[in-house]
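Report on the structure
As a plain string of letters, each chain reads:
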Amino acid sequence: MKQLFSERMGYEKPSDIVIRESMPREVMNAISSTISLLSNDLDDADYQLLGDIQTVPYYDLSYYKLKIAFWTEFLNKKYRTLLDNDFQEDELTHYISDNRIAWYKKLDCIEFLIDYMTENFVDDFRKNVIEKFIVKLNYHFERLRYGYRIIDGCCTDITSDEEISSILEAVSADDTPATHLKKALSHYSHRPDPDYANSIKESITAIEAYCREKTGESTFGPALNKLQSKGLTINPQMKSAFEKLYNYTNDKTTGIRHAMLDASGTYKPSADEAYFMLIASSAFVNYLKKKTSCLK
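Attention in this report is confined to the structure presented alongside it. Each chain has its residues counted from 1, running along the sequence as written. Predicted model: local features are reported for residues with pLDDT of at least 70 only, side-chain atom pairs are reported and counted for 80 or more only, and whole-chain, interface and lining totals are derived from all residues. Think of the side-chain values as coming from all heavy atoms in the structure, minus any hydrogens and water.

1. Overview of the nonpolar core
As a reminder of what qualifies: We define a nonpolar core as any set of buried Ala, Val, Leu, Ile, Met, Phe, Trp, Tyr and Cys residues linked to one another through side-chain atoms lying within 4.5 Å. Throughout, exposure labels follow a simple rule: accessible area from a 1.4 Å probe, protein chains only, divided by the maximum for the residue type, with under 20% read as buried, over 50% as exposed, and the rest as partly exposed. Helix numbers and strand numbers start at the N terminus; a helix is a DSSP run of H or I with at least 4 residues, a strand a run of E with at least 2.
Grouped together as the largest cluster of nonpolar side chains are 41 residues, with contacts concentrated most on Ile-31, Leu-66, Phe-70 and Ile-110. Counting only elements with at least two residues in this core, the list comes to α2 (25-50), α3 (62-74), α5 (91-97), α6 (103-120) and α7 (124-143). Counting residues per element, this core draws most heavily on α6, at 9 residues. Within the second largest apolar cluster, 35 residues are counted, among which are Ile-151, Ile-167, Phe-220 and Leu-227.

2. Examining the packing of aromatic side chains
What counts here: Ring pairs are drawn from Phe, Tyr and Trp, using the six-membered ring of Trp, whenever the two centres fall within 6.5 Å, and their geometry is named by plane angle: stacked under 30 degrees, edge-to-face over 60, tilted for the rest.
Counting across every chain of the model gives 16 aromatic pairs. Consider the rings of Phe-141 and Tyr-146, whose centres lie 5.2 Å apart with planes at 70°: the pair is edge-to-face. Across the pair, Tyr-146 and Phe-141 agree in class, each one buried. Linked through ring pairs, Trp-103, Tyr-104, Phe-141, Tyr-146 and Tyr-148 together constitute an aromatic cluster.

3. Section: a nonpolar patch on the surface
Applicable threshold: Patches draw on residues past 30% relative accessible area with no salt bridge. Two like charges within 9 Å are joined, as are two nonpolar side chains (Val, Leu, Ile, Met, Phe, Trp, Tyr) within 5 Å. Accessible areas in this description were obtained via Shrake-Rupley with a 1.4 Å probe; residue shielding takes into account the shown protein chains only. A carboxyl oxygen of Asp or Glu within 4 Å of a side-chain nitrogen of Lys or Arg is what we treat as a salt bridge.
A contiguous nonpolar patch, built from Tyr-58, Tyr-59, Tyr-79 and Leu-83 and spanning about 400 Å² of accessible area, is present on the exposed surface. The topology assignment puts Leu-83 in helix α4 (residues 79-84).

4. Observations regarding empty space enclosed by the protein
Rule in force here: Think of a 1 Å grid over the protein atoms and nothing else: a 1.4 Å probe that fits but is trapped marks a cavity, an open set flanked by protein within 12 Å on at least five of seven lines marks a pocket, and residues with an atom within 4 Å of a point count as lining. Grid points are joined across faces, edges and corners, and a volume is the space filled by probe spheres set on the points. The classification used treats Ala, Val, Leu, Ile, Met, Phe, Trp, Tyr, Cys and Pro as nonpolar, Asp, Glu, Lys and Arg as charged, and all other residues, Gly among them, as polar.
With the rule as written, the count across this model stands at 1 cavity of 30 Å³ or more. Roughly 60 Å³ of internal volume is contained in the largest cavity. As for the largest cavity, its lining consists of Thr-34, Leu-37, Leu-38, Asp-41, Val-129, Lys-132, Phe-133 and Lys-136. The set of elements that each furnish at least two residues to the lining of the largest cavity consists of α2 and α7. Per-class residue counts for the lining of the largest cavity are 4 nonpolar, 1 polar and 3 charged.

5. Brief notes about the side chain of Lys-239
For clarity, the threshold we go by: Counted as positive: Lys and Arg. Counted as negative: Asp and Glu. His and the chain ends are not counted at all. By the convention used here, residues are in contact when the closest approach between their heavy atoms is within 4.5 Å.
On the secondary structure map, Lys-239 appears in helix α12 (residues 236-250). Buried and unpaired, Lys-239 has no salt bridge, with Glu-243 as the nearest side chain of opposite charge at 4.0 Å. With near-sequence residues (within four places) excluded, Lys-239 lies in contact with Leu-224, Asn-225, Gln-228 and Ile-234.

6. As for the layout of surface pockets
Considering only enclosed or pocket space, the largest pocket measures out at about 640 Å³ in volume. In this structure, the largest pocket is lined by 24 residues; those nearest its centre are Glu-131, Ile-134, Asp-152, Gly-153 and Leu-168. When contributions to the lining of the largest pocket are tallied by element, the ones reaching two or more residues are α6, α7, β1 (149-151) and α8 (161-171).

7. Quick look at the pattern of salt bridges
Counting across every chain of the model gives 9 salt bridges. With a shortest N-O distance of 3.3 Å, Lys-132 and Asp-41 are connected by a salt bridge. Here Lys-132, found in helix α7, pairs with Asp-41, found in helix α2; they are 91 residues apart in sequence, far enough to count as distant. Residues Lys-67 and Asp-90 are paired through a salt bridge, measuring 3.8 Å at the closest nitrogen-oxygen approach. Of this pair, Lys-67 sits in helix α3 while Asp-90 sits in the loop between α4 and α5, and the two are 23 residues apart along the sequence. The partly exposed category is assigned to Asp-90, whose relative accessible area is 23%. Because the salt bridges share partners, they merge into one network encompassing Lys-67, Asp-90 and Glu-91.

8. Here we look at the packing of helix α11 (residues 220-229) against α12
Applied cut-off: Lines fitted to C-alpha atoms define the axes here, with helix axes fitted over just the stretch in contact, and angles between the N-to-C directions of these axes take values from 0 to 180 degrees. Angles are sorted into four bins: roughly parallel if under 35 degrees, roughly antiparallel if over 145, roughly perpendicular if 65 to 115, and oblique for all others. Should the near helix be turned anticlockwise from the far one by less than a right angle, the crossing is termed left-handed; should it be turned clockwise, right-handed.
With their axes 10 Å apart at the nearest point, α11 and α12 run at an angle of 160° to one another. Taken together, the axes of α11 and α12 lie roughly antiparallel to each other. Once α11 is placed against α12, the crossing between them reads as right-handed. Contacts between α11 and α12 involve Phe-220, Leu-224, Asn-225 and Gln-228 from the first element and Lys-239, Phe-242, Glu-243 and Tyr-246 from the second. Per-class residue counts for the contact of α11 with α12 are 4 nonpolar, 2 polar and 2 charged.

Written out as structure tokens, the structure is:
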């Protein structure tokens, strides 16, 4: 987005700060507006599926089903109270706009909505609506410098387009490495208590799983060697780097694959390490798939 007049002329300085672990009013408003558009888009999809929705019972409409799920499964409230509530706003936008609700619960809400729609709205019309919803949220997050993006249904603080593309490529496959990387992403993105150790464990396990499935070997090193014997060309330094990363995850002092040495914990993996391992493992899985695609 181009700078506006006041920014170009120096009357206002555009913020270069990425906003994390909070939710400013501008972001709440953007999310609420996107949910309102979601309501309209789901009504349009229902029209394509059901015909004149004015003749369809309200409880059969997609957006109302979404609100019921939010009310009874996310908020765990009685269905009857949804019918009796006297909110002046839509229940979903009211929740997002409520300053009393923690910022991470609002991101939880977004994930819940996407999960519910993905599982229950499987026709092409509503699948397109879901995709549009995610694209619009990510657009607003980027323009408002909000430090989160939606990747594979998870709200995560990975914002680089290249890194997002690498992860999406790796998790989009229907295979075991993708399953591990999805778990790694989930552990990394969990708020307010991310599990960085298990995120790192799942990231490196994705690489190990791919190598093991391709070779039948039980451990990472021999599996990688066997791939080389089959014709995989890999730079020795790159191979050495990933072997060392694998050894790092097996080091009992890290608490990644083994318990800590003492109650206080001699070492606790950080967000930066989990971030690096998720990106590196996704990229390496993609790399191995391309390099081994022609091997027997």
